[in-house]
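# Observations on chain architecture
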Amino acid sequence: MTVSDSDTQAGWVPEADEEDDSGEEMPLSMRLSIADTLTLGNATCGFMAVYFTTTGILIPHLTGSDESGMARHSAATAVILMLCAAVFDLFDGLVARKLRSSPMGAELDNLSDLISFGLAPAYFVLVYGMVADDAHQRVAALGAVVVLLAVVLRLARFSCVTLKDGMFQGMPSPFGALTVVSIVLLELPFVATLLAIVGTAWLMVSRVEYPKPRGPLAVAMLSWIVAAMGLLAAWAFEAPGGQLLLQTGCALQLVLGAVIPLFATARRVNNFRDNRREARAAQLP
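Criteria and thresholds
Residues numbered from 1 in each chain as written. Predicted model: local features only at pLDDT ≥ 70, side-chain atom pairs only at ≥ 80, totals over all residues. Heavy atoms only, no water. Helix = DSSP H or I, 4+ residues; strand = E, 2+ residues; numbered from the N terminus. Buried < 20%, exposed > 50% of the residue type's maximum accessible area, 1.4 Å probe, protein only. Areas by Shrake-Rupley, 256 points an atom, 1.4 Å probe, with all protein chains shown as cover. Axes fitted to C-alpha atoms, helices over the stretch in contact; angles between N-to-C directions. Parallel < 35°, antiparallel > 145°, perpendicular 65-115°, else oblique. Left-handed = near helix turned anticlockwise from the far one by under 90°. Contact = heavy atoms within 4.5 Å. Nonpolar A, V, L, I, M, F, W, Y, C, P; charged D, E, K, R; others polar. UniProt positions renumbered as here; feature names shortened; annotations may be inferred. Expected span 1.5 Å × (residues − 1). Phe/Tyr/Trp six-rings, centres within 6.5 Å; stacked < 30°, edge-to-face > 60°. Core = buried A, V, L, I, M, F, W, Y, C linked by side-chain atoms within 4.5 Å. Lys, Arg positive; Asp, Glu negative; His and termini not counted. Salt bridge = Lys/Arg side-chain N within 4 Å of Asp/Glu carboxyl O. Polar contact = N/O pair within 3.5 Å; in protein donor to acceptor, adjacent residues only side chain to side chain.

### Focus: the overall build of the protein
When helices and strands are tallied, the protein shows nine helices and two strands. Secondary structure of the protein in N-to-C order comes out as α-α-α-α-α-β-α-α-β-α-α. Out of the 285 residues in the protein, the part that is buried amounts to 37%. Counting only carbon and sulfur atoms, one obtains 66% of the accessible surface of the protein, whose full area is about 16000 Å².

### A short note on the packing of helix α5 (residues 137–160) against helix α7 (residues 190–205)
Two elements in contact, α5 and α7, have axes whose closest approach is 8 Å; the angle formed by their N-to-C orientations is 10 degrees. As judged from the angle between their axes, α5 and α7 are roughly parallel. Judged by the sense of rotation from one axis to the other, the crossing of α5 with α7 is left-handed. In this structure, α5 contributes V139, A140, G143, V146, V147, A150, V151, L153, R154 and R157 to the contact, and α7 contributes F190, L194, I197, A201, M204 and V205. Here the residues of the contact of α5 with α7 sort into 13 nonpolar, one polar and two charged.

### As for the UniProt feature "transmembrane region" (unreviewed entry) in the protein
Mapped onto this structure's residue numbering, the UniProt feature "transmembrane region" (unreviewed entry) falls at residues 40–63, 75–94, 114–132, 139–156, 176–205, 217–237 and 243–266. Spanning residues 40–63, this segment combines 96% helix with 0% strand, and its end C-alpha atoms are found 33 Å apart. The annotated region residues 139–156 carries 100% helix and 0% strand content, and the separation between its end C-alpha atoms amounts to 26 Å.

### A word on α5
In this model α5 runs 35 Å from its N-terminal to its C-terminal C-alpha over 24 residues, within 8% of the 34 Å that 1.5 Å per residue would give. Along α5, the residues classified as buried are A140, G143, A144, V147, A150, V151, R154 and L155. Considering only its buried residues, α5 is in contact with α4 (105–131), β1 (167–169), α6 (173–185) and α7.

### Thoughts on the packing of aromatic side chains
The final tally for this structure, using the stated rule, is three aromatic pairs. Geometrically, the ring pair formed by Y51 and F52 is edge-to-face, given 5.3 Å between the ring centres and 80 degrees between the ring planes. Classification of F52 by relative accessible area gives partly exposed; the value is 26%.

### Thoughts on the nonpolar core
Grouped together as the largest cluster of nonpolar side chains are 44 residues, with contacts concentrated most on M82, F124, L185, I197, L232 and W235. For this core, the secondary-structure elements that each account for two or more residues are α2 (34–62), α3 (68–98), α4, α5, α6, α7, α8 (216–236) and α9 (242–283). No other element matches the nine residues that α3 contributes to this core. Setting aside chain neighbours within four positions, we find L232 in contact with A76, V79, I80, L83, L185 and L246. In this structure, A150, M171, L203 and Y210 belong to the second largest nonpolar core, which totals ten residues.

### A closer look at the side chain of D113
With respect to the helices and strands, the residue D113 is situated in helix α4. Here D113 occupies a buried position and makes no salt bridge, while the nearest side chain of opposite charge, R154, is found at 7.8 Å. A polar contact is formed between the side chain of D113 and the side chain of N42, at a distance of 2.9 Å. When sequence neighbours within four positions are dropped, the list of residues in contact with D113 reads N42, D89, G118, V151, L155 and S173.

### Some thoughts on α7
The periodicity of an α-helix, 3.6 residues per turn, causes residues three or four places apart in sequence to face the same way. For α7, with 16 residues, the first-to-last C-alpha span of 23 Å sits near the 22 Å given by 1.5 Å per residue. Looking only at α7, the buried set comprises F190, T193, L194, I197, T200, A201, L203 and M204.

### Brief notes about unusual backbone geometry
Here the phi dihedral of E187 falls at roughly 55 degrees; this positive angle occurs in a residue that is not glycine. We classify E187 as exposed; its relative accessible area is 57%. Backbone geometry at E238 places phi at a positive 55 degrees, although glycine is not the residue there. For E238, the location among the structural elements is in the loop between α8 and α9. On the basis of relative accessible area, E238 is assigned to the exposed category, the value being 57%.

### Thoughts on the pattern of salt bridges
All told, the structure shown has one salt bridge when counted by the stated rule. E238 serves as the salt-bridge partner of R72, at 3.9 Å between the closest nitrogen and oxygen. In this pair, R72 is assigned in helix α3 and E238 in the loop between α8 and α9, connecting sequence segments 166 residues apart. With relative accessibility at 24%, the residue R72 sits in the partly exposed group.

### Here we look at the environment of L90
Its place among the elements puts L90 in helix α3. Take L90: its relative accessible area is 9%, and that puts it in the buried class. As a C-alpha pair, L90 and N42 span 48 residues in sequence and 9.6 Å in three-dimensional space.

In structure tokens:
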């Protein structure tokens with residue numbers, strides 16, 4: 001492995017030096033587009049979510065700190081960063097369609113999604129298993145692994161499977177990540193929390209259809225993300241009714257995850273009926 005890496009580096013550096021000496025432009029594959037910059041913002045938000053989960057929740061718990069307010073603020077910050085990553089993920093696709101995307105845009109998008117919607121929520125579940133009073137650390141760790149592997153499998157399948165336009169197969173990873181953290185923030189009993197997390201992971205790798213966020217749906221998704229940020233802020237700063245608002249928002253996230261596929265299913269059934277009706281009408285003399 002080391003030989004392969006060193007060979008790659010040795011082959012790349014002299015080429016870059018030759019380009020610098022000759023004054024040639026950077027290869028097209030190495031240029032970042034505006035969409036790529038947004039994608040890197042997605043990855044940055046995911047990494048910072050892991051940072052705040054560690055420094056604000058895990059470390060105070062391990063050191064015996066009683067500052068519950070700090071943990072609350074850090075949890076809210078971590079989830080808000082995941083929401084920001086979802087915003088970046090939404091806009092990088094829109095910008096790529098309107099302008100252009102570099103040849104490495106798709107790879108950057110998958111890697112960034114793995115950080116923000118795979119690693120970050122899985123780590124959030126892992127830390128929950130370590131700090132919650134009724135949680136079992138090893139079982140929670142298993143749940144975190146299930147979430148991570150579900151996102152890995154989903155992103156790999158998305159890269160090699162061609163689907164009909166306008167639809168995703170399985171729950172999109174940003175939506176799945178937000179659903180997972182919503183389940184944790186609901187503070188349900190541990191068994192119910194774990195079952196809901198595993199169920200969400202199954203939805204991500206299932207063949208259940210979810211519509212792509214375009215047009216009015218993209219606007220609705222962005223509005224929901226902004227509203228979720230407001231709910232998290234109210235909860236973090238202990239605003240009156242903030243806890244109830246957060247629980248309502250988290251419950252709505254779970255309901256949306258279950259209901260949205262029903263709309264796609266209903267539309268597919270209606271299209272099937274319309275096609276049969278048209279076929280029968282065509283057969284009539």
